[in-house]
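# An overview of the molecular structure
Here's the letter readout for the chains.
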Amino acid sequence: MSGEPAEADTVAIESGTISELGLPISAKVVLMSMGGGLLGTVLMLPVLVGIPQALGLFLTEPITRFAGFAAFFGIEPTAMLGMVVFGMGGTFVLPLIFLVVGSFLPPREPRYLRGVTFATFFWTGFAPAFWPGTGALAVGIFLVVSLLGHCVYGATLGFVLDRTTGIPQHEV
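Here goes a summary of the coordinates provided. (Residues numbered from 1 in each chain as written. Predicted model: local features only at pLDDT ≥ 70, side-chain atom pairs only at ≥ 80, totals over all residues. Heavy atoms only, no water.)

The secondary structure content of the protein amounts to five helices and two strands. The helix and strand sequence of the protein, counted from the amino end, reads β-β-α-α-α-α-α. By the burial criterion, 34% of the 172 residues in the protein qualify as buried. For the protein, the share of sequence-separated contacts (at least 6 apart) that also reach a separation of at least 24 residues comes to 70%. (Helix = DSSP H or I, 4+ residues; strand = E, 2+ residues; numbered from the N terminus. Buried < 20%, exposed > 50% of the residue type's maximum accessible area, 1.4 Å probe, protein only. Contact = heavy atoms within 4.5 Å.)

Listed below in structure tokens is the structure:
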């Protein structure tokens, strides 16, 4: 090995070709991931909220588990607070986590689908946290719609990052 990356270890992006293990997490990469997270959050809302709302299954009152958590911090749980936390998580927190773990996720190609894998992991926590607790039809619709919404988010996050700066790769 000459120390030079093999052709199979390079990724082409708009600004040129980079080594698969050579993309640092720079301010531009962070900003692009947050932009992808914001866009993904916006694009998932019609699926995650719009479909259940149209079917009369969407509830805006705080879930008891989270109302107690908010009260612990002296915060009144409201739908607006829920929307702010949801937006901040999808725009700032999840994209930063994806920057760190995205290089270790399948599939190898197309790389942007790593975002779907990533979002699916978070869906496994979202589903039980927001479980509707009603009839089988509502639960089934909730599971399908929430998974689809997370897939839209992940695909968008991965696609934006892959097309603008590339998904950072880490040497372990």
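On to helix 3 (residues 79-101). The terminal C-alpha atoms of helix 3, which comprises 23 residues, lie 31 Å apart, in line with the 33 Å expected from a rise of 1.5 Å per residue. The principal kink in helix 3, of about 40°, is found at Gly89. The set of residues buried in helix 3 consists of Gly89, Gly90, Thr91, Leu94, Pro95, Phe98 and Leu99. If you follow the buried residues of helix 3, they end up packed against helix 1 (27-54), helix 4 (114-129) and helix 5 (136-164). (Expected span 1.5 Å × (residues − 1). Bend = angle between axes of the 7 residues up to and from the residue.)

Another aspect to go through is the side chain of Thr117. Position of Thr117 relative to the elements: it lies in helix 4. When neighbours within four sequence positions are excluded, Thr117 is seen to be in contact with Leu105, Pro106 and Pro107.

Another point: helix 5. Counted at 1.5 Å a residue, the expected span for helix 5 with its 29 residues is 42 Å, and the 42 Å between its end C-alpha atoms agrees. After helix 5 finishes, the residue Gly166 shows a positive phi value of roughly 95°.

So, on to the packing of aromatic side chains. Counted according to the given criterion, the structure contains six aromatic pairs. Their ring planes at 20° and their centres at 6.2 Å tell us that Phe126 and Phe142 sit as a pair that is stacked. Pair noted here: Phe126 is in helix 4 and Phe142 is in helix 5, with a separation of 16 residues, a long-range link. Neither Phe126 nor Phe142 differs from the other in exposure class; each is buried. An aromatic cluster is built from Phe126, Phe130, Trp131 and Phe142, whose rings are joined through pairwise contacts. (Phe/Tyr/Trp six-rings, centres within 6.5 Å; stacked < 30°, edge-to-face > 60°.)

What follows concerns the nonpolar core. Judged by nonpolar contacts, the single largest core of 18 residues is most densely connected at Val29, Phe98, Phe118, Phe126, Tyr153, Leu157 and Leu161. Mapped by element, the contributors of at least two residues to this core are helix 1, helix 3, helix 4 and helix 5. Sort the elements by how many residues they give to this core and helix 4 lands first, with five residues. (Core = buried A, V, L, I, M, F, W, Y, C linked by side-chain atoms within 4.5 Å.)

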